[in-house]
Structures are given as structure tokens and as C-alpha cells.
There are 2 protein chains.
Amino acid sequence: MLSRGVLHLSRVSQKTINKQQLRWFKVNSRVTSHDEYGSRSQEGSHDTSGSLLSTSAALVGSSLLTYWIVKKLKNDSATVYAKAASSDQQDISKAHTELRKDLPVYSMDQVGEHNSPKTGIWVTYGIGVYDITSFVPKHPGSDKVMLAAGSAIDPFWHIFQQHNTKEVLTLLETFRIGNLREDDVISTQDQDNPWAAEPKRHAILKPTAQRPFNAEPPASILVDAFLTPNEFFYVRNHLPVPEVDIKEYELEIDVELSDKTKSKKLKYDDLRKLPKHKVVATIMCGGNRRGEMMEIKPIKGLSWGPSAVGNAEWAGPRLSDVLKAMGVVSDETSHVHFEGLDVDPTSTPYAASIPLSKAMDPRGDVILAYEMNGEPLSRDHGYPVRVIVPGVVGSRNVKWVGRIVVSKEESGSHWQQNDYKSFSPSTDWDTVDFKSAPAIQYMPVTSAICSPANGDQLKADNGFITVKGYAWSGGGQEVIRVDLTADGGNTWIVADLDQVEKGTGRGRHWSWSLWTAKIPAKPGQKLEIWSRAVDDNYNSQPETFKNIWNLRGVVGNAYSRIKVEVK
Amino acid sequence: MLSRGVLHLSRVSQKTINKQQLRWFKVNSRVTSHDEYGSRSQEGSHDTSGSLLSTSAALVGSSLLTYWIVKKLKNDSATVYAKAASSDQQDISKAHTELRKDLPVYSMDQVGEHNSPKTGIWVTYGIGVYDITSFVPKHPGSDKVMLAAGSAIDPFWHIFQQHNTKEVLTLLETFRIGNLREDDVISTQDQDNPWAAEPKRHAILKPTAQRPFNAEPPASILVDAFLTPNEFFYVRNHLPVPEVDIKEYELEIDVELSDKTKSKKLKYDDLRKLPKHKVVATIMCGGNRRGEMMEIKPIKGLSWGPSAVGNAEWAGPRLSDVLKAMGVVSDETSHVHFEGLDVDPTSTPYAASIPLSKAMDPRGDVILAYEMNGEPLSRDHGYPVRVIVPGVVGSRNVKWVGRIVVSKEESGSHWQQNDYKSFSPSTDWDTVDFKSAPAIQYMPVTSAICSPANGDQLKADNGFITVKGYAWSGGGQEVIRVDLTADGGNTWIVADLDQVEKGTGRGRHWSWSLWTAKIPAKPGQKLEIWSRAVDDNYNSQPETFKNIWNLRGVVGNAYSRIKVEVK
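From a predicted model like this one, the values you see are computed outputs, not experimental measurements.

1. Observations regarding the domain arrangement of chain A
Residues and elements named next belong to chain A.
Part 1 of the argument: Assigned domains within chain A: domain 1 (91-184), domain 2 (206-418) and domain 3 (446-566).
Part 2 of the argument: At the interface, 37 residues of domain 2 touch 36 residues of domain 3.
Part 3 of the argument: Approximately 2,900 Å² of surface area, both sides summed, lies buried where domain 2 meets domain 3, with 60% of it carried by carbon and sulfur atoms.
Part 4 of the argument: The interface formed by domain 2 and domain 3 contains one salt bridge.
Part 5 of the argument: A salt bridge links Arg508 to Asp365; the shortest N-O distance between them is 2.9 Å.
Part 6 of the argument: Taken together, the connections running from domain 2 to domain 3 amount to 21 residue pairs in polar contact (both at pLDDT 80 or more).
Part 7 of the argument: Elements supplying a minimum of two residues to the side of domain 2 that touches domain 3: α11 (219-222), β12 (277-284), α13 (290-294) and β13 (309-316).

Shown next, in the form of C-alpha cells:
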């Protein structure tokens, strides 16, 4: 096992090993119970559809593997359930913790020899040894599956706890070929649980997933403040929150544009000494409003409401100042990678990239932020330092940034290459070619009704009801108008933009706008109200989710629609 | 009359007087016949609706005046037609050329004394004197009407020939109060006609208006070439084409950012000596596809099809180089005005402005173009020099540029302030506040089906029909996908982007993309096919014109839809 740990270590592109990484190496194998994780996962999920397709595979990285399982389960359901039935209705959640006396015992070294299609692909889970060779090939997500080849899948499933479902575990048991030698099963203590050090969160944040933590506030709270209070700001983590000791924190910067890499390391204090730039910017998750899109057709992903968005004043040095000091000159084809200190069990950090031209543009306002609304970043928002890339999808605003690489290539990370991209509504997981679409950078124009909530009953006040929401356009475009209709588009009411940022230049408007509209309403009326924003490029929202549905459920910027009853 | 000419001259902000301006001063008054202009206007117009609202006021500047006339005609129709009937069914088109013996004679000096609401507002047309005081006030377009106050409207109507309709002339005669003194009626020869020197155009261009000349090629020709041949490139003129002597041509540049204006004059040869920058850019009229929007509800404006767009390689010095040499430094609030050498009868040039930040951005690629697809500009496209502002609506790509002003203020021109803006579908001419919307700069994402044409009958080839079109997004966004559907959005077919520009940086993609899609088709089928483009900000087109209808009929970027029958 240790040798695999070393192998994994060699994949770590960041030089600073933090506590989180050490934890992952300690957690080689861990026996979990269905009670502990299964029920927790239930509690934390917004998803009440009960559909395997939408409950499972909600998280990046595990999604393709799980998809495969779901698909195979469907295809082979007769076989699978026959086998499951023949195992005397055992508690499937414990199958991997139980010795199968009818099967041989293997050492971890023997398992480790089976790590390719040629040798067969084996994995362990609990004390079970599984041959998943037939399961891996041909699928586009096989690269992720292969990270566990010849090794324990337990640490992966610590992160991607959606695997702890009856269907997935039942399928896994059909691949069982043996038992792991007792000496190789390393039981870990709770302090080695990578989730043990997660920060406390404000109870107002409603989780769409607990591990990794993903949560949004109620929509109605968003419209109360132009700058979203830090505690109410949505959290979208892809991995456990790293614990960073600020005295040991170092930001490594590597400029790899020529044969000779230029490198530099900046401590936290070094960053504080650089000229401080403040920028008010909205950050939005690429999956914001996915829940509405899911109503059209199921999507694998977190079921976000309209509140995976917030607006804050961020402060820190300009990235362009840091890079210019290293002699970087902008060009049209290079990229800047950001690697987080949050890592997966293979020590692969969360990573993403943006075009160098955006990073170097003084009007692009990319900063290395250490402050959010005048306070040091909280752990959930990237303490001690995160990247703020105004106008650009949240996933490129990398938190806990540990390394920056200026490169001729785009980031090869899963999140850059095989996620956060959109496709035609008719593209499915069998036909998708992730290379065919560009990584989301700037976000399209959108708006959402935040108050009242869909389904509310409310009283009219002097013949009107008050509707509030936000509107935003990525790319620095300013929202110039929000239109509402309560009669299917026959008449439109222009909202008041009552909380907006003023004085930024054209194409440099990074903040959302908060708006209010009065809609004529009579007691007894059932109204369907739509909102639609227009930005200063005169782009506007598409009307329906149906026509922009995409298999990743991203950039969901259709009209916002609520139904209310007037009392 | 000469004194009025001098008065007008004082309004000319450009110092170079060209032949066109001299002509306007010569054309103080001109008696036209209905046969000469009315029929020509008919021939040149695409508009066959016969509706006054859509045939009249098609042109900027005259639109508000005419709107007033139409409105008044509707309100007062009983009175008006009663009066018209009482005039013995006279040929109304000649009424202003005929002496009314029942009315007094006035000199032009007397008419000139009535140039304000206080004194009464008189105008002359032919030999008629009219008191239009009751007609002018309160209307938002009264500033344009007032340019003719105390003067002859003939030269205005030489430009805005839509006034030569029975309805407008009938209304005008109701305001008749007298006859112009014979000595003050100056008949002009044909060579003084400001339209006499219009260039020859290729017969492929289908005019939506003859004077000023506005024309587009058939849509099917657009998709034949990535670079639109110069002769086929749509023409959108706001005024007569100026005649410019290249030896006398001078571009005046005034930087008015401080108390002390910095000025410079560049001859054509000076511009040729500056570093030459080439940029491939699509130019699109703000009113492109207005014809489709008009199907929802009438709009005052030229009824453009989908071909008020073209793509060309433009060449000339960078504007930023010229301005930097004058010490200009970019900021977020200033503007760059462009004044054309094309002028209206008051010698007011066509003018527009763009943000200084766009002009100074080296990635903005704004140039002073003297070449189009490797040839000197033709007269219709701005000979000798026009501005190319990539990604930005055609109307800011000022042709025949004679003066550039760097200013703290946006251009005050009619075209910047009171046109080329969009509003809510429920905003009408009674409620519109032009100050409430920003001038269109970058254009939104769009696509159009160019072949087959709507209504075509065509044969399927091996079970498919081939559909072709263009897609473009302003602001430098690249079109990443064009989706088509022939079943109302239930299934989508991704088009091949077969003619695209490669290798430009993200946010710096100024060219359109030409695409082809194969749509499954069976003999006997009636198909409705939609196209929809997505750009790399993942903005996409709104679905219907209904929800983006606006009173100026601009930025019409809804799904493109055609109906065809498969034989």
C-alpha cells in the first residue's frame, strides 16, 4: 500500500504537502457502514426524486463511474438481481466487510499487479477483492476509474459517498473474486477521516451535498443585500476543505512558456505587501439553477436552486502584477492554471485554467484575493488565498490556491476538460465528446426571481404584488433591463434596478443587479410570473430550459418562472 | 435663404466642406413631382404591406416627424379627409406646387421669423407656406422637426422621401396658410440634386430604400463565401454618399479630454504610412432581420431581411496607434466620436461614438480602414476611409470618416442617442425614454438560415435536405455551436461549422461562421426548421421575436425559422 502511496505522491504537481494530503495517504482503506454514510447522505441531499440517475453520481469525478454502474445495472438487471437474491437477502451494505469463505484470499501486492486491461483490473473495497475488468473499457470516464486500478476504492468512496447505495453495492458484489489478506486491511481512526476537519457552517446554508460540502442559502435572503454576507455565500467544494497553516503557506508560481521554467514562491505576507486591488464581483456556480433544468429531464449533478451565486467585494494583489514582475507578456494562446490545496485520494489537486489574456488584462481584474467583504477569507471560501476571475464561472475562481502555472496548454484537469462544458440538448452520455466544446469561462446573462417563492400564496397590496430577484451577466456586461410578464409575454413590466454597481466601465461590470417589480394582482388570481434580463450587449435569456437542457446541467439561464396564488 | 444657409453652416462641426455639403446649400428649395419620387420610392421598397406605419418614416431622422403625421391623421382623419375631399379631388402630390389664390403671399424672410413655438412655427414646401405650430410640441422628435422651423422642408424631404405619400401630403395641406413669394422659390437643376452622384450598385443588391440607399443581397449568396465579395456586401447609408477628393481628404482628430484641445490632421497618405493592421470582421446592421420582427407587430424602419450583414478583411492603421501618438491614455468613461462626411441638409454629419476603452484596447482591433478585401474601399463602403469597430453594431463603423473627437461625453448625435437602442416589448412611442437605454455597441449572438429560403419546395437527397446559414456573436465571442431542430425542439442536430476563422484569441473572434446541417426529410413532409447559435460565453438566441420585439426593431436575434416542403 505504501508503494502505491508513493506512486500517487509522484502525481502531485504541487510541491507543498498539506495536512489534507497527509490524511489521504493515511486513509488507505476504511470500512464504512451504510448507517454512517448512507443516512447522512440522505439528510444532506435536496434530491427527493428517488431516481438513481439523479441521486447517484452527483459529484464530479465519480459521475462517469457511477453512470456506468447504473447503465450496467439496467442492462444486466435480471442477472444482478438474481445473484443478489441468491445471497440470502444479505445486507448488501455490509457485504464488503464480510469474509466470503467460498473465495480465495489475496494480498494487496497481488491486487496491485492487476492494474491494467492486460493484467485485469482489480480493486478492493473493505475486505472484498473485485475484478472490474469488464466494467472499465470503452467508457469515456475510464481514466477516473483507472486511478483506483490495483488499489482500494475506499478513499475514493469516502469522497464520493453516493456510491453507498444498494444498487451500486449490489453490482459491485457481482464482481467479487476474493478476500483481502487481513494484514492489508488498515482500519483508520476518526481523526484520519478527511472530513473530520470540515469547518462549521451557518445553518442557513441548505446543503445539496454534505461531502464534499455544497450548499446555498434560501433565495429570498439573496435580495436583502447587494454584498452577500460571507456566512450566507453559497459554498461549492469539490473535495474536503484543506487545513492550511498560514505560516507555512506558499504560493508557487511557474512560468512554463519557454524551455526554461521561471519559478517563484510567495508567502502569505509577500502577497499582502503587493498593491491591494478591490473588485466587487459576483461568483456563480456553473450548475446554478440545475434543479429547474432537471425538471425537463434527469441530470447527473447537484440539484442547485437559484442561490448558487453571491456578490462580494474581494481584495488582494492583481495577478497581472505578479505575472508581469516575472516577465510574463500576454498572448492569445496561453493559459494560467490554478491548483488548489484541496486534493483527491490520489493527491491530485482541484485545478482549472483561464486564458492568459484574461489574466493579464488590467481591465480583467483577476486578483489573488485574501479578503472577502473586508474580512480574511473563511476556510470554505478559500482561506488563505483564492483566485477571483470576475465574470467567469465559479469553478475557475480556484480556492486555497497553492500553485499557479503559466502554460501553453489549457489545464488538463477533469474539471477543465470533462466537466463545466455544455452541449446540444440531444447530446447524451453515449454521444458526448468533451473535446468538442470549450470550457465555460464567461457566463451568459441570467436573472432569477428570489421572492416570492414558487408556489407561494400571498396578498396583493393596493392591487400589486412585489417581486424581487437578481440579474447578472458574465464577461463584464452590465444588466441594463429586467422585464417581467405575468401573462405569457403579452405585456411586460420593466423592473426597477434598485441595487446596482455604478461607475465601472463598459465591459467591466462584474456585479449583479438586484431588482424589484410590482405586478398587478387581484385576489383569487393564479399568476405565472417570468423574469428575463437583458445585458448591454443586448443578449437576453433563452425562454425555456427545454431548449438549453444539457447533460451536465450547466449554464442554465432560461427565463425564471414562478407560480403564485393571490389571496 | 442664404442667411439660413450660413446659419446652417455654423452648425457644421467638421471643418472640411465637401461637394456634398455645397450641394445641400444650393438645394434650398426644390419642387418635386409625385411621379418622379413616389414611383421611384415604390420600386425601391421591399415593403408591400401598404400600411402607412410601415411604409412611412422608414428612415432615421424623419421617423418621429412622420409618426406624428400618422398619429394625427388617424386622430383627425374625419377632418382631414373632409378637407381633402373639399379641394375638388385635386392631385395632392402637386398641391404644394400650386398657387392658392385664397391665401396671402409671404417672403422667406417672413417665414424665417416664425421659427419657434413663441412666434409660431412655419415651414415652406414647394411654393406652399405652412403653419405647423400645433403639430410640433410635446413630441420627443420635435428637435428634428425644429431643424426645419422657419425654413424649407424640401431638402429634408429629398432625403426622407417617404414623406411623398398621399397621407402625409394631405395632412400638410391642412396646415397651409399661404404662398411663398415667387423670388424666394429657387428651382435647382438636376446636378444640384444631392442624389445625383450616388454610385452605381450591383443589381444583386435588393434595396429596402433607394434614397438613402439601403440594400442587401439575397441570403443564399451569403453562405457561398466566407469573405463577402465587396459588390455583394449590404449597404446601409443614412444620407447621400459624399463625393470625396482623395487629394483634399483630411481626417481631423481633436482630443478634448482637458481644457486644451489637442488637434491633428492626417491626409490620406499619412494614414497609408502608419503600420497597417488587418482584421477580418463581420459588420451587421442593428436592424438586420427587422422584417421578421415586423411580422409580430408593425415597426417604423427599413424592412431588412437576414442579409444586412457581411464579413470582410479590413485593413488600415490602428486607431489606438493614432491616438497614443497624440498622448491619449485610456479610461473608463470617455468616448471617441466619429463624424462622417455625409451630411444632412443642416450640414449635420452622420455621427456616432464608441467607448474610449474599446478604441484604445489593442485587443479591440479598431482600425481606420482604407481597404476592404484587399481593395480600396468603394464609395458605398466609406471611400476613402471608414472606421471598423469589430464586434460592434454597423452604425458605429462610421463610413467616410472626416473627424474624430475624443471626448468626455458620448456622441450627442441622433443615431447615438435616439436610435439604435432597444426597449421592452411593451415600450411604445408614447412611453419611450431613449435616455433609459444604452446605445447598442456589441451585438448579441445570432444565426440565420440562408438556404433554403422560407417557403421553398425542395427534394430530399438520400433522406436529407441541406440547410446552410451564418452565425455570429458580437463582442469577440466565437460561435461554438449551431443547433437545428425540425420538430419544435424535441431533437436537435448540431451543424458543421465549415467556414470559420481559426487562431484568434478568446474574446477576439470578430468573424462570422458559416455552417451546414443535414436535416432528415421524407417526400411529402412539411418541415419547420429552426436554427439557434451558442457562443463561447454560452449565450444563446432567444426563441421568439414576440418576446424581444422593440419599437426600433433592432438586435433581432431570435431563432431563425423557415418552413419548407419536401418533394
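From this point, the narrative continues.
2. So, the environment of A:Val392
Residues and elements named next belong to chain A.
Part 1 of the argument: One can find Val392 in the loop between β19 (386-388) and β20 (401-407).
Part 2 of the argument: Judged by its relative accessible area of 2%, Val392 falls in the buried class.
Part 3 of the argument: In this structure, the C-alpha to C-alpha distance between Val392 and Lys358, residues 34 residues apart in sequence, is 9.9 Å.
Part 4 of the argument: Sequence-distant contacts of Val392, that is, excluding residues within four places in its chain, are made with Lys358, Asn397, Gln441, Tyr442 and Met443.

3. Details of the pairing of strand β10 (residues 250-256) of chain A
All names here are of chain A.
Part 1 of the argument: For β10, the buried fraction is high: five of the seven residues fall into the buried class.
Part 2 of the argument: Of the strand pairs in this sheet, β10 and strand β11 (residues 262-267) are connected by six bridges, and their pairing is antiparallel. For Val255, the partnering residue across the bridge sits in β11 and is Lys262.
Part 3 of the argument: Hairpin remark: β10 followed by β11, antiparallel, with five residues in the connecting loop.

4. Some thoughts on the pattern of salt bridges
All names here are of chain A.
Part 1 of the argument: Under the defined criterion, the tally for this structure stands at 46 salt bridges over all chains.
Part 2 of the argument: Here Arg561 and Glu528 are joined by a salt bridge, their closest N and O atoms 4.0 Å apart. Highlighted residues: Arg561 in strand β29 (residues 560-566) and Glu528 in strand β28 (residues 526-535), separated in sequence by 33 residues.
Part 3 of the argument: For Arg561, a relative accessible area of 29% puts it in the partly exposed group.
Part 4 of the argument: Salt bridges sharing common partners tie together Glu252, Asp254, Glu256, Glu339 and Arg403.

5. Brief notes about the relation of the copies chain A and chain B
Part 1 of the argument: Between chain A and chain B, the superposition needs a rotation of 180 degrees and an axial shift of 0.0 Å, giving an RMSD of 0.1 Å. In the structure described here, the two chain copies are related by an operation that fits a two-fold rotation axis. Closest approach to the rotation axis among the C-alpha atoms of chain A is made by A:Pro542, whose C-alpha sits 2.2 Å away.
Part 2 of the argument: Both copies contact each other with a shared surface, as 100% of the interface residues of chain A are interface residues in chain B too.

Rules used in this analysis
Residues numbered from 1 in each chain as written. Chains lettered and ligands numbered in written order. Predicted model: local features only at pLDDT ≥ 70, side-chain atom pairs only at ≥ 80, totals over all residues. Heavy atoms only, no water. Domains from an automatic or database assignment. Contact = heavy atoms within 4.5 Å. Buried area = accessible area lost by both parts, 1.4 Å probe. Salt bridge = Lys/Arg side-chain N within 4 Å of Asp/Glu carboxyl O. Polar contact = N/O pair within 3.5 Å; in protein donor to acceptor, adjacent residues only side chain to side chain. Helix = DSSP H or I, 4+ residues; strand = E, 2+ residues; numbered from the N terminus. Buried < 20%, exposed > 50% of the residue type's maximum accessible area, 1.4 Å probe, protein only. Pairing = 2+ DSSP bridges. Least-squares fit on C-alpha atoms with pLDDT ≥ 70 in both.

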